[in-house]
Amino acid sequence: MANTIVEGTCFRCGRIKTLRWNYAQDRGECRACRAHRAPQETCTVCGRQHRVNARTDDGGAICVTCYARSRRAEDTCEECGVVDPLATRAGGKREDARNLCGRCYRNPRRPCGVCGRIKRVALKATATSPDVCPTCYQAPVIDCSICGQQALGRRTTNHGRPRCFACQAAQQIDAALTGPDGMIRPELKPVRDALTEHERPRSLLSNWHDLASLRLLTSIAQGQVELSHDALDARPQVFSVSYLSALLVAAGALPPRDENAARLHRYAAEVVAQVNDPEMRGVLTRYARWHLVGRAQTDRHDRIAPNVAARCRGDIDSARAFLDYLISGGCDLDDCPQAHLDAWITTDRGRRLAFIRWLKRGGYLRRVWLPGPVPAKHPAHDVDPEEQLALVRRLLHEPGSASVEDRAAACLILLYAQPVAKIVRLTVEDIQMGDGETFLRLGPEPVLLIPPLDELVTALPAAQPFGAASKLADSRWLFIGKNAGTHLHPASLMRRMHRLGVTSRASRNTALLRLASTTPPAVFASLVGVSIGTATRWGGLAGASWSSYAATRRSQARP
């Protein structure tokens, strides 16, 4: 027998494929190479020069396109009724096989040979390989003709030569970041390096045109958008813009700044611009810009914390709502009646009185008086202490209860009464190791972490941002955020805590009561980072008397 179908290396293209082996010449040729060297004839149907796919009864040539068209007349899909080439036919290998076109046919649902899940088959099983679902399907491993490494890629993308996904992504990134002068701007080269080091270049290639941040980066590289904070601030503040802004700052392309302060200034300007009355707009400008934003408290990193910025935005909204309330009632800041003001402050006394008091100090609202301060209420602590301790034990000893970050953050709330705004700002420098013990600096004095909480804290950070931000992440944060160089947002951590059953305020108050009842105020304050006055008040709420402890400390201090 002169020819046999075997698996081997094609002597023409060098690829491992199914070959027709010629024993006389001792070599094999794949079907594609045979088709390329097959003679072409004039099709008797369309009259064009093509390779022959079939012949008529009298020996005339029929090309591939005309052969498919000639068979459509008798191929009707049972699903949609369209006359088209069929993907499956009735009476096939499957018992329930029907005449279905390519649009109506769906691959069967079978267990995937890789992950075991029952899904539609993307790669059907052969004698040597199992069924593979679309999620587990991978491109072939090739020897890249550019970098020379064995990696996932395509066999015929570099002028017929194999090229891995990493090299494809690098070429696409270079083409996108090249400016009109044919060069990549020096300040964008760190961003280029972070993109080319992406762990999943195939994902980057597939989603390149769908990612708004990459499209905006391309516009900046090509000079269509200015590379500045002002240009990015002028665009709609969606996630893609904030993600790219943080990426450019982490790469050194943009100077660092306090993002919360910048957003707060921008928000105040937008709210003030919506007030039409000139006098009201001037009052709101002074209150928002100088009293709220200008006096906003910063953290130990000299930045405005997210919770402080959120509180300032709430106060600005409340002030704007009061001015709108005056205008809608036909009043101004000088002739506002008492009944009008009483109706306003009834619904939200705590927040709405702050702006009213500021107006009174400025000489406005002369005809009205304000009620006196309301005594502080007993802090809410409606969480059962035993249930809270049971939750702590489950989070400490059950690895599957939550992620490492969530377990560590929840235990810091439930055991040490830490607010989420402070937890997300913890850094690796706050962890101290010595004599086989782990300490965490929450206040002036580091606190000893109990096992296995020490293992959870020392395992942080356990997650990285996605995409190029992972290469430019700031490794000092224990809780890393989605954007490059940032920590996790307190609101995000709060939502994750709520899913675990940890209500931040009530859970913290319960922990504070427990600490105040078992620890002297001075020690309690220095360990968890609260003032001595706050610790003393919580000691009084817990019913603990530490006068004897203070006397003992004074007597021990005497020589």
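Keep in mind that what you see is a predicted model, and the values were worked out from it rather than measured. The numbers attached to residues start from 1 for each chain and follow its sequence in the written order. Predicted model: local features are reported for residues with pLDDT of at least 70 only, side-chain atom pairs are reported and counted for 80 or more only, and whole-chain, interface and lining totals are derived from all residues. Side-chain measures here rest on the full set of heavy atoms in the structure, leaving out hydrogens and waters.

## Some thoughts on the overall build of the protein chain
Part 1: Runs of E in the DSSP output that reach at least two residues are strands. Runs of H or I that reach at least four are helices, and both are numbered from the N terminus. Assigned secondary structure in the protein chain consists of 22 helices and 17 strands.
Part 2: The C-alpha atoms of the protein chain give 35 Å as radius of gyration, which overshoots the globular expectation for 559 residues (24 Å, by more than 25%).
Part 3: Expressed as lengths along the three principal axes of its C-alpha atoms, the size of the protein chain is roughly 115 × 65 × 55 Å.
Part 4: Pairs of residues are marked as contacts when any of their non-hydrogen atoms sit within 4.5 Å. If you take every contact in the protein chain between residues at least 6 apart in sequence, the share linking residues at least 24 apart comes to 44%.
Part 5: Computed with a 1.4 Å probe, the accessible areas rest on the Shrake-Rupley method; for each residue, only the protein chains presented here act as cover. On the protein chain, roughly 31,700 Å² of surface is accessible, and the fraction owed to carbon and sulfur atoms is 51%.
Part 6: Under the counting rule used here, the positive set is Lys and Arg, the negative set is Asp and Glu, and His together with the chain ends is not counted. Taken as the charge centre is NZ of Lys, CZ of Arg, CG of Asp or CD of Glu, depending on the residue. Computed over 77 positive and 55 negative side-chain charges, the inter-centroid distance for the protein chain is 2 Å. We take the radius of gyration over the C-alpha atoms and set the globule estimate at 2.2 Å times the residue count to the 0.38 power.

## What about the nonpolar core?
Part 1: Within the largest apolar cluster, 39 residues are counted, with the highest numbers of intra-cluster contacts made by F322, L333, L341, F355, I356, L359 and L365.
Part 2: Contributions of two or more residues to this core are made by α9 (259–273), α10 (278–293), α11 (306–328), α12 (338–345) and α13 (349–361).
Part 3: At eight residues, the largest contribution of residues to this core is made by α11.
Part 4: Aside from chain neighbours lying at most four places away, what touches I356 is F322, L341, W344, I345, L365 and L370. Residues enter a nonpolar core if they are buried and are Ala, Val, Leu, Ile, Met, Phe, Trp, Tyr or Cys, with the set joined through side-chain atoms within 4.5 Å. Partly exposed describes any residue whose relative accessible area lies between the buried limit of under 20% and the exposed limit of over 50%, with all areas from a 1.4 Å probe on protein chains only and scaled to the type maximum.

## Side note on the environment of W344
Part 1: By the element assignment, W344 lies in helix α12.
Part 2: Once the C-alpha coordinates of W344 and E197 are considered, the two residues, 147 residues apart in sequence, prove to be 57 Å apart.

## Some remarks on the pairing of strand β15 (residues 431–434)
Part 1: Note: two strands are recorded as paired if DSSP finds a minimum of 2 bridges between them. Sheet topology note: the β15/strand β16 (residues 437–440) ladder contains four bridges and is antiparallel. Directly across from G434, in β16, lies its bridge partner E437.
Part 2: Connecting the antiparallel pair β15 and β16 is a turn made up of two residues, with D435 showing a positive phi of about 55 degrees.

## Focus: the packing of aromatic side chains
Part 1: Any Phe, Tyr or Trp ring, taking Trp's six-membered ring, that has another such ring centre within 6.5 Å forms a pair; planes under 30 degrees apart are called stacked, those over 60 apart edge-to-face, and the others tilted. Scanning all chains against the criterion turns up seven aromatic pairs.
Part 2: An aromatic cluster of at least three residues, connected via ring pairs, comprises Y287, F322, Y325, W344, F355 and W358.

## Thoughts on the confidence of the model for the protein chain
Part 1: What pLDDT expresses is the predictor's confidence in each residue, scored from 0 to 100. On average, residues of the protein chain score 83 in pLDDT, and 92% of them reach the 70 mark or higher.
Part 2: Low confidence marks residues 548–559, where pLDDT is under 50. Its contacts with residues over four positions away, or in another chain, come to two contacts.

## A word on the side chain of T218
Part 1: Position of T218 among the secondary structure elements: in helix α6 (residues 212–221).
Part 2: Classification of T218 by relative accessible area gives buried; the value is 16%.
Part 3: The contacts of T218, once residues within four sequence positions are left out, are A176 and W208.

## Quick word on the pairing of strand β2 (residues 16–22)
Part 1: In the sheet, β2 pairs with strand β3 (residues 27–30) via four bridges, with the strands oriented antiparallel. Note on β3: the bridge partner recorded for L19 is C30.
Part 2: Where β2 hands over to β3, the hairpin turn is made up of four residues, of which D26 adopts a positive phi near 55 degrees.

## Overview of the sheet that holds strand β17 (residues 447–448)
Part 1: Across the sheet, three strands lie side by side as β15-β16-β17; this open sheet has antiparallel pairing. The strands lining the two open edges of the sheet, one partner per strand, are β15 and β17.

## Here's the deal with the environment of A35
Part 1: Inspection of the secondary structure assignment puts A35 in helix α1 (residues 31–37).
Part 2: In the structure, A35 is positioned 88 residues away from L123 in sequence and 25 Å away in space, judged by C-alpha atoms.

## Some remarks on empty space enclosed by the protein
Part 1: A pocket, in this scheme, is an open set of points on a 1 Å grid over the protein atoms alone with protein on both sides within 12 Å along at least 5 of 7 lines, while a cavity is a set where a 1.4 Å probe fits but cannot get out; residues line either one if an atom lies within 4 Å of a point. Grid points are joined across faces, edges and corners, and a volume is the space filled by probe spheres set on the points. Applying the stated criterion across every chain, the model contains one cavity of 30 Å³ or more.
Part 2: By volume, the largest cavity amounts to about 30 Å³.
Part 3: Lining of the largest cavity is provided by P385, Q388, L389, L414, T510 and R514.
Part 4: Within the residue set of the lining of the largest cavity, elements represented by two or more residues are α14 (385–397) and α19 (504–518).
Part 5: Looking at which element gives the most residues to the lining of the largest cavity, the answer is α14, with three residues.

## A closer look at the pattern of salt bridges
Side chains that differ in sign of charge can pair as their charged atoms come close.
Part 1: By definition, a salt bridge exists where a carboxyl oxygen of Asp or Glu is found within 4 Å of a side-chain nitrogen of Lys or Arg. Counted according to the given criterion, the structure contains 14 salt bridges.
Part 2: Residues E41 and R55 are paired through a salt bridge, measuring 2.8 Å at the closest nitrogen-oxygen approach. Of this pair, E41 sits in strand β4 (residues 40–42) while R55 sits in strand β6 (residues 54–55), and the two are 14 residues apart along the sequence.
Part 3: Overall, E41 belongs to the partly exposed group, its relative accessible area being 31%.

## Section: a negative patch on the surface
Part 1: Residues enter a patch when their relative accessible area is above 30% and they make no salt bridge; the linking distance is 9 Å between like charges and 5 Å between nonpolar side chains (Val, Leu, Ile, Met, Phe, Trp, Tyr). Taken together, the side chains of D277, E279, D332 and D335 define an acidic patch exposed on the protein surface.
Part 2: Along the polypeptide, E279 turns up in helix α10.
Part 3: Owing to a relative accessible area of 44%, E279 belongs among the partly exposed residues under this scheme.

## A few points about the packing of helix α3 (residues 165–177) against helix α4 (residues 189–196)
Part 1: Fitted lines through C-alpha atoms give the axes, limited to the stretch in contact for helices. The angle between two N-to-C directions lies from 0 to 180 degrees. Where α3 meets α4, the closest approach of the two axes is 10 Å, and the angle between their N-to-C directions is 155 degrees. By the criterion of interaxial angle, the relationship of α3 to α4 is roughly antiparallel. As for the relative orientation of α3 and α4, their crossing is right-handed in sense. Residues A170, I173, D174 and L177 of α3 lie in contact with α4, whose contacting residues are R192, L195 and T196. Note on terminology: angles under 35 degrees are roughly parallel, angles over 145 are roughly antiparallel, angles of 65 to 115 are roughly perpendicular, and the others are oblique. Handedness of a crossing is defined here by the sense of rotation of the near helix relative to the far one, left-handed for an anticlockwise turn of less than a right angle and right-handed for a clockwise turn.

## Section: α11
Part 1: A helix's residues, less one, multiplied by 1.5 Å, set its expected span. With 23 residues, α11 ought to run about 33 Å at 1.5 Å a step, and its terminal C-alpha atoms sit 33 Å apart, in line with that.
Part 2: Following α11 by one or two positions, G330 adopts a phi angle in the positive range, close to 75 degrees.

## Some thoughts on the side chain of S507
Part 1: In this structure, S507 sits in helix α19.
Part 2: For S507, a relative accessible area of 2% corresponds to the buried category.

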